[in-house]
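Descriptive analysis of the structure
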Amino acid sequence: MTTHLLEGLNEAQREAVEAIQGPLLIIAGPGSGKTRVITHRIAYLVRTVGVSPHRILAVTFTNKAAKEMKDRLQRLVGTQANDLTVGTFHAFCASVLRRHGQHVGLESGFSIFDDEDQMELIKAAMEEAEVDHKQFPRRSIQGVISRAKSVLLDAQGLAMQQRSYFEEVSARVYARYEELLAQNNAVDFDDLLLKTVFLFRNTPEVLRRYQERYVHLLVDEFQDTNVVQYTLAKLLADNYRNICVVGDPDQSIYSWRSADIRNILNFQKDYTDAKTVTLDVNYRSTGTILDAAKGVIAANRHRLAKDIRTSREEGSPLIVHEAFTEAEEAQYVIQQIDRLVRDDGIKRSDCAVMYRVNAQSRALEEACLRHGMPYRLIGGVRFYQRREVKDVIAYLRLISNPEDQVSLTRIINKPPRGIGQRSVDQLVHWARSQNIPLHSALELVCEDRTEDKPASHPLAPRAAQAVFGFVTLMRNLREESGRLDAVDLIDALLDRTGYQAYLRSSPDDWEERWENVLELRSAAGEFRDLGHSEGLTTLLEQVALVADVDSYDEATDAITLITLHQAKGLEFPVVFITGMEEGLLPHIRSMDSPEELEEERRLCYVGITRCMDRLFLTRAFRRGIRGSSGPTIPSRFLQEVPPHLIKSAKPIGQKRTVWSTSKAPTLEQEEKTVPVFKTGDKVSHATFGEGLVVSYAGRGQDSEVTVAFSGGAGVKRLMVSYAPLEKVEG
DNA sequence: CAGTGGAGGCTTTTT
DNA sequence: GCCTCCACTG
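Residues numbered from 1 in each chain as written. Chains lettered and ligands numbered in written order. Predicted model: local features only at pLDDT ≥ 70, side-chain atom pairs only at ≥ 80, totals over all residues. Heavy atoms only, no water.

A closer look at empty space enclosed by the protein
In total, this model carries 3 cavities of 30 Å³ or more according to the counting rule given. By volume, the largest cavity is sized at about 120 Å³. If you trace the largest cavity, you find it lined by Leu398, Leu408, His439, Leu442, Glu443, Phe470, Val471, Met474, Arg475 and Arg478. At the level of secondary structure, the elements contributing two or more residues to the lining of the largest cavity comprise helix H19 (438-450) and helix H20 (461-480). Among the elements that line the lining of the largest cavity, the one with the most residues is H20, at 5 residues. Here the residues of the lining of the largest cavity are counted per class, giving 6 nonpolar, 1 polar and 3 charged. Estimated volume of the second largest cavity: approximately 40 Å³. (1 Å grid on protein atoms, 1.4 Å probe; cavity = no way out; pocket = protein on both sides within 12 Å on 5 of 7 lines; lining within 4 Å. Points joined across faces, edges and corners; volume = space filled by probe spheres on them. Helix = DSSP H or I, 4+ residues; strand = E, 2+ residues; numbered from the N terminus. Nonpolar A, V, L, I, M, F, W, Y, C, P; charged D, E, K, R; others polar.)

Structure representation (structure tokens):
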């Protein structure tokens, strides 16, 4: 531990590390050594100033960021790092609520509902509030509720806003939804934050404990915090006022999740004595890449101007490539990576392929498989959301929280044990009419069964018998959970339920599913040393709050496929941004709102600035969107990159180069240039060679021609207006 | 009661 | 194209 903590830092960085007294706002441009500053600041507090690590709280946006920060701190302060509190807002709040939840009506062992559980409950709430799900999509209602929660609005508050009929209906569902959550002894993601704020507001003595403990508070990715999170931060910092927030307004890309850029402005208003440090030297990207990024972001009107300088050389030009279809775009990407690996000694793990929407990963994956390119797909279907994994988790959740109806109804007949949908419905309605929780209703069914009275419940004898079997199973498991650790408990329930046989009986991919169950089991092994009940709650919390299993090892030499959003905070020597098309980037859903369009631009900016050395921007002439496919228009962001930075990969026999046209061609021009073919014409294509026209359909720029190529390219359907196609005379 | 198949709806980003 | 819901069948 001989490193001098201020060594190797530039002036601004050093200032940010040393300004430990009072509020501090760090505006950190991309690649400006932000993480370095945060970790060194914490290390400086611990090692130089002598602050106990126990009294420092650092909040990050993702679990991954938290993990990385912990790792780095480990290197800087050694084992003392274990005493630091580093985590996401959600994880921090969960631990507060575990301890003090009773003040806001939560019993120990409360469940944390994920998206899917939440939707189940909203569905039930809508039914009970008699809201038609065809007229009011669940998803939209969920969105309204979530947005309300993230600005500290309860159902009543939402109803009082009276902004639209839709919100009014949503407020009704919201109210019922809250009752159901309470009945389930459960919270959703937003509640973790919201309830913690309520807890702190209503129970000053609890707040005071945290306020007094944490002398220093750091918030990373501040531009992506929402109102609740900022409120929480302010509450926590109220005592010592040593609050340091780090962010970059140009990288704010989560406003759709209620993140509020205005937090940065509000910070300066709320803490008038705040010091501001700007980190504006970029150590990551070449001059060319940075200029490209600056060109794009400069087009945003609502923006605090900020100039970033590079510390690096100019570097090689950007490569813009226009492929024909998404498949060829993917193929181009893979081929380029192959070439870079072969000729330039670049590692596959240095390469990232980014895209706007997850659906784009498909073509890329297929290309990887075809070319034998090892890849790592970030995101996709989450491990903990797989059906079989969630089933086992539901058992565990029900063991630790009997009130959890969502879990109960999920597994009451899994594996099938003779309690079908009809019986479940009857039970739910009966419980509701008797005004008792569902699990109590089940208990009553069992008691009734043993006595000889006429049954007071609505179940058929056979179903009642099945319920008895289930209740007994759960009773036993719950009782044993006190003696068993999480792994043994999982074993017990798998064994008792015959879960493996159940998996085996149905789909053909049961082996993979069983593997997943075993992986959950081994994840549970991590918590073996904790007490039995604590181990279980910790496991369940981990499962709820950790998005992806950190099972990928950095060591494997594979390329990374990742969405632009998820790429935030990462860097790669080689970056491909694919799908540079209007409608994708910017996304079609953002195109009619100037604010959202600016966020798309920031997203593009984030993507570009992830790149250290070589940047490729690609698009496809034709892209399939849910089944059908059609021609595309180049992204406006391509035109915002200064043209002199770009080297065209291959203009594919095109007359115009899309990135240099300042405007898309008018329909008129387009009509004129579109050639007309008829069946039987001989044609020549720049890539596919010669062929014969099989059919011709449509008119103007929408004309589509089907050509059978002789050179092995086979039969292709092409857009006449885009395809480099010429009629061959004779 | 459970499993199958067809019809219809939907589709951004994620703690 | 994928998923969900529903009705029908075994």
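Regarding helix H15 (residues 361-371)
For H15, the complete set of buried residues consists of Ser361, Ala363, Leu364, Ala367 and Cys368. All buried residues of H15 project into a common sector of 165° when viewed along the axis, lining one side. Facing away from the buried surface of H15 by more than 90 degrees, the exposed residues are Arg362, Leu369 and Arg370. Backbone geometry just downstream of H15 places Gly372 in the positive-phi region, at approximately 65°. (Buried < 20%, exposed > 50% of the residue type's maximum accessible area, 1.4 Å probe, protein only. Arc of directions from axis to C-beta.)

Some details on the sheet that holds strand E8 (residues 275-279)
In spatial order, the strands read E3-E2-E6-E7-E1-E8; together these 6 strands make up an open sheet with parallel pairing. Either end of the sheet is taken by a strand with one partner, and the two such strands are strand E3 (85-88) and E8. When strand polarity is set aside, the average angle formed by the axes of neighbouring strands in this sheet is 15°. (Pairing = 2+ DSSP bridges. Axes fitted to C-alpha atoms, helices over the stretch in contact; angles between N-to-C directions.)

Observations regarding helix H12 (residues 262-270)
Residues of H12 that are buried include every one of Asn263, Ile264 and Phe267, and no others. Projected onto a plane normal to the axis of H12, the buried residues spread over an arc of 105° and lie on a single side. Turned more than 90 degrees away from the buried face of H12 sit Arg262 and Lys269, all of them exposed. Among the structural elements, strand E1 (24-28), helix H11 (227-237) and strand E7 (243-247) are those in contact with the buried residues of H12. (Contact = heavy atoms within 4.5 Å.)

Examining the packing of aromatic side chains
What the rule picks out here adds up to 13 aromatic pairs. Centre to centre, the rings of Phe200 and Tyr210 are 5.7 Å apart; their planes meet at 50°, and the pair counts as tilted. Pair noted here: Phe200 is in helix H9 (residues 189-202) and Tyr210 is in helix H10 (residues 204-213), with a separation of 10 residues, a long-range link. There is no split in this pair, since Phe200 and Tyr210 are both buried. Taken together, the ring pairs in this structure connect Phe92, Phe200, Tyr210 and Tyr214 into an aromatic cluster. Above the face of the Phe110 ring, Arg98 is positioned so that its terminal group lies 3.9 Å from the ring centre. The ring of Phe61 has Lys568 sitting right over it, with the charged end atom 4.0 Å from the ring centre. (Phe/Tyr/Trp six-rings, centres within 6.5 Å; stacked < 30°, edge-to-face > 60°. Lys NZ or Arg CZ within 6 Å of the ring centre and 35° of its normal.)

A look at the confidence of the model for chain A
Here chain A averages 84 in pLDDT, and 87% of its residues register 70 or above. pLDDT under 50 marks residues 651-673. Its contacts with residues more than four places away, or in other chains, come to 28 contacts. (pLDDT = per-residue confidence, 0-100.)

Points about the state of the cysteines
Following the criterion strictly, the structure yields 0 disulfides and no others. Cys244 provides the cysteine sulfur closest to Cys93, a residue in no disulfide bond, and the two sulfurs are 19 Å apart. Cys93 sits in the buried class, given a relative accessible area of 0%. Free cysteine: Cys351, not disulfide-bonded; nearest cysteine sulfur from Cys611 at 9.7 Å. (Disulfide = S-S within 2.5 Å.)

Comments concerning the pattern of salt bridges
Under the counting rule described, the total for this entry stands at 49 salt bridges. With a shortest N-O distance of 3.0 Å, Arg312 and Glu313 are connected by a salt bridge. Since its relative accessible area comes to 23%, Arg312 is described here as partly exposed. A salt bridge links Asp404 to Arg397, with the shortest nitrogen-to-oxygen separation between them at 3.0 Å. (Salt bridge = Lys/Arg side-chain N within 4 Å of Asp/Glu carboxyl O.)

Details of the layout of surface pockets
Computed from the structure, the second largest pocket encloses a volume of approximately 1400 Å³. Along the wall of the second largest pocket there are 36 residues; nearest its centre are Lys70, Val86, Ala91, Thr538 and Glu541. Elements that contribute at least two residues to the lining of the second largest pocket include exactly helix H3 (63-77), E3, helix H4 (89-100), H10 and helix H24 (532-545). For the lining of the second largest pocket, a count of residues per class yields 15 nonpolar, 11 polar and 10 charged.

Considering a negative patch on the surface
Taken together, the side chains of Glu511, Glu512, Glu515 and Glu519 present a region of like negative charge at the surface. Relative to the helices and strands, Glu519 resides in helix H23 (residues 510-524). (Patch = residues over 30% accessible without salt bridge, like charges linked within 9 Å, V, L, I, M, F, W, Y side chains within 5 Å. Areas by Shrake-Rupley, 256 points an atom, 1.4 Å probe, with all protein chains shown as cover. Lys, Arg positive; Asp, Glu negative; His and termini not counted. Charge placed at Lys NZ, Arg CZ, Asp CG, Glu CD.)

Focus on the pairing of strand E16 (residues 611-625)
Taken together, the 6 bridges between strand E11 (residues 318-325) and E16 define a ladder with parallel strand orientation. Bridge pairing in E16 links Val320 to Leu617. Bridge analysis of strand E15 (residues 572-577) against E16 gives 5 bridges, and the strand direction is parallel. Bridge pairing links Phe576 to Phe616 in E16.

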